[in-house]
Amino acid sequence: MNDIVQSRILPEVASYYASKLKVYGATPQGVDWNGVDSHQLRHRQFLRLLDGDPAASVMDLGCGFGDFLGFLRANGHHGRFVGYDIAPTMIEKARELYGETADNEWRIGAVPTETADFAIASGVFNVRGDFARDDWTRYVHNTIDLLAKCGRRGFAFNVLSLSSDADRRRPNLYYADPLETLAHCLSRYGRSVALLQDYGLYEFTVLIRHSAPPIEQARPAGV
């Protein structure tokens, strides 16, 4: 990651979310979401990435207090889960709520040192604060590249949408153009990209699967 991300963006993001957790505790508001229903709906979009594989390993970048692990387990997932967050208090709370075993582990940091079948990031792009939009967009793209490297089979993320009503947008938040984001992902990560913006929230979710090698067609006899 570049200098502005390391020296300015990440520390400010960590401080912002730590302050939310301190005020609201282990609730959706504690990770700056509106409520339980929308939080669960947001989680549900990522289930499509797992493609019905309950044993797939999952890495959650910006895991907060670990709510996505609880959601996965409640929906029958039993694969290994690793959560990363740059706010130490978030990781402390995740360990308190879910424990730590070989099947669910928690790490403090923004750059994973391991891979998983699937990598996800939920809500990590939303709070831009006072940073210039161009700087924040570079941070977004750098983080998406990181997800692409961490998820062996695929990865996913969500972001607030410019398709939302202009009068409802907040100046300290980051809103992405869904068409530009789709074009960026298609050009960089291949054609297996889905953009979901049909679930009733002012955001969209992008699911990307790494392309498998093409299946070689059987040759006619004698060729």
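To start, this report covers the structure provided alongside it. (Residues numbered from 1 in each chain as written. Predicted model: local features only at pLDDT ≥ 70, side-chain atom pairs only at ≥ 80, totals over all residues. Heavy atoms only, no water.)

Section: the overall build of the protein
Heads up, the condition is: Where helices and strands are cited, they refer to DSSP runs of H or I of at least four residues and of E of at least two residues respectively, numbered from the N terminus. Each residue is placed in one exposure class: buried if its accessible area under a 1.4 Å probe, protein chains only, is under 20% of its type's maximum, exposed if it is over 50%, and partly exposed if it falls in between. The criterion used for residue contact is that any of the two residues' heavy atoms lie within 4.5 Å. Accessible surface area values rest on a Shrake-Rupley calculation with a 1.4 Å probe, where residue burial reflects the displayed protein chains alone.
Helix and strand counts for the protein stand at six helices and eight strands. Secondary structure elements of the protein, listed N to C terminal, follow the sequence α-α-β-α-β-α-β-β-α-β-β-α-β-β. Across the 223 residues in the protein, those meeting the buried criterion constitute 49%. At a minimum sequence separation of 6, the contacts of the protein that also span at least 24 residues come to 66%. Counting only carbon and sulfur atoms, one obtains 51% of the accessible surface of the protein, whose full area is about 11200 Å².

Notes on the nonpolar core
Put simply, the test is: By nonpolar core we mean a set of buried residues, namely Ala, Val, Leu, Ile, Met, Phe, Trp, Tyr and Cys, connected to one another through side-chain atoms within 4.5 Å.
Among the nonpolar cores identified, the biggest contains 33 residues, and Phe125, Trp136, Tyr139, Phe155, Phe157 and Ile208 are the most heavily contacted of them. Of all the secondary structure elements, the ones that give two or more residues to this core are α1 (3–24), β1 (58–61), β2 (81–85), β4 (116–121), α5 (133–150), β5 (151–161), α6 (178–189) and β8 (203–209). Counting residues per element, this core draws most heavily on α5, which supplies eight residues. Not counting the four nearest positions on each side in its chain, Ile208 is found in contact with Leu49, Arg153, Gly154, Phe155, Phe157, Cys185, Tyr189, Ser192 and Val193.

Brief notes about the pairing of strand β7 (residues 193–196)
The line we're drawing: Any two strands between which DSSP finds at least two bridges are classified as paired.
Where β7 meets β8, four bridges bridge the pair, whose relative direction is antiparallel. Residue Val193 lies in a different strand from β8, and its bridge partner there is Ile208. Here β7 hands over to β8 after six residues, with Gly200 in that stretch at a positive phi of 90°.

Describing the packing of helix α2 (residues 36–50) against helix α3 (residues 67–74)
For any two helices packed against each other, one specifies the crossing angle of their axes together with the interaxial distance. Put simply, the rule reads: Axis geometry follows a simple rule: fit a line to the C-alpha atoms, using only the stretch in contact for helices, then measure angles between N-to-C directions, giving values from 0 to 180 degrees. The handedness criterion is simple: a crossing whose near helix is rotated anticlockwise from the far helix by less than a right angle is left-handed, and one whose near helix is rotated clockwise is right-handed.
Between α2 and α3, the least distance of the axes is 10 Å, while the angle of their chain directions is 65°. Note that α2 runs across α3; the crossing there is right-handed. The segment α2 lies against α3, with His39, Gln40, His43, Arg44, Phe46, Leu47 and Leu50 engaging Asp67, Phe68, Phe71 and Leu72.

Examining helix α4 (residues 88–98)
This is how it is decided: Throughout, the arc means that of the directions going from the helix axis to the C-beta atoms.
Along α4, the residues classified as buried are Met90, Ile91 and Ala94. One face of α4 carries all of its buried residues, which in axial projection span an arc of 95°. Across from the buried face of α4, at angles greater than 90 degrees, the exposed residues are Glu92 and Glu96.

Description of the environment of Val58
Within the fold, Val58 resides in strand β1. Residue class for Val58 comes out buried when judged on its relative accessible area of 2%. Expressed as a C-alpha distance, the spacing of Val58 and Ala119, which sit 61 residues apart in the sequence, is 5.8 Å. If we ignore the near neighbours within four places in the chain, the residues touching Val58 are Leu50, Phe68, Leu72, His77, Arg80, Phe81, Val82, Ala116 and Phe118.

Section: the side chain of Thr181
In this fold, Thr181 is placed in helix α6. If near-sequence neighbours (up to four positions away) are discounted, Thr181 is found in contact with Phe157, Ala176, Phe204 and Val206.

A look at the side chain of Asp67
What counts is decided by this rule: Charge convention: Lys and Arg are scored as positive, Asp and Glu as negative, and His as well as the terminal groups of each chain are ignored. Between Lys or Arg on one side and Asp or Glu on the other, a salt bridge is scored when a side-chain nitrogen of the former is within 4 Å of a carboxyl oxygen of the latter.
Assignment of secondary structure puts Asp67 in helix α3. No salt bridge forms around the buried Asp67; measuring N to O, its nearest opposite-charge neighbour Arg42 is 8.6 Å away. Look past the residues within four positions of Asp67 in its chain and what remains in contact with it is His39, Gln40, His43 and Tyr98.

Digging into the pattern of salt bridges
Side-chain pairs of opposite charge can arise whenever the charged atoms involved come near each other. Following the criterion strictly, the structure yields 12 salt bridges and no others. Two residues, Glu105 and Arg80, come together in a salt bridge whose shortest N-O distance is 2.3 Å. You can see Glu105 sitting in strand β3 (residues 104–108) and its partner Arg80 sitting in the loop between α3 and β2, a full 25 residues away along the chain. On the basis of relative accessible area, Glu105 is assigned to the buried category, the value being 19%. A relative accessible area of 29% means that Arg80 is categorised as partly exposed.

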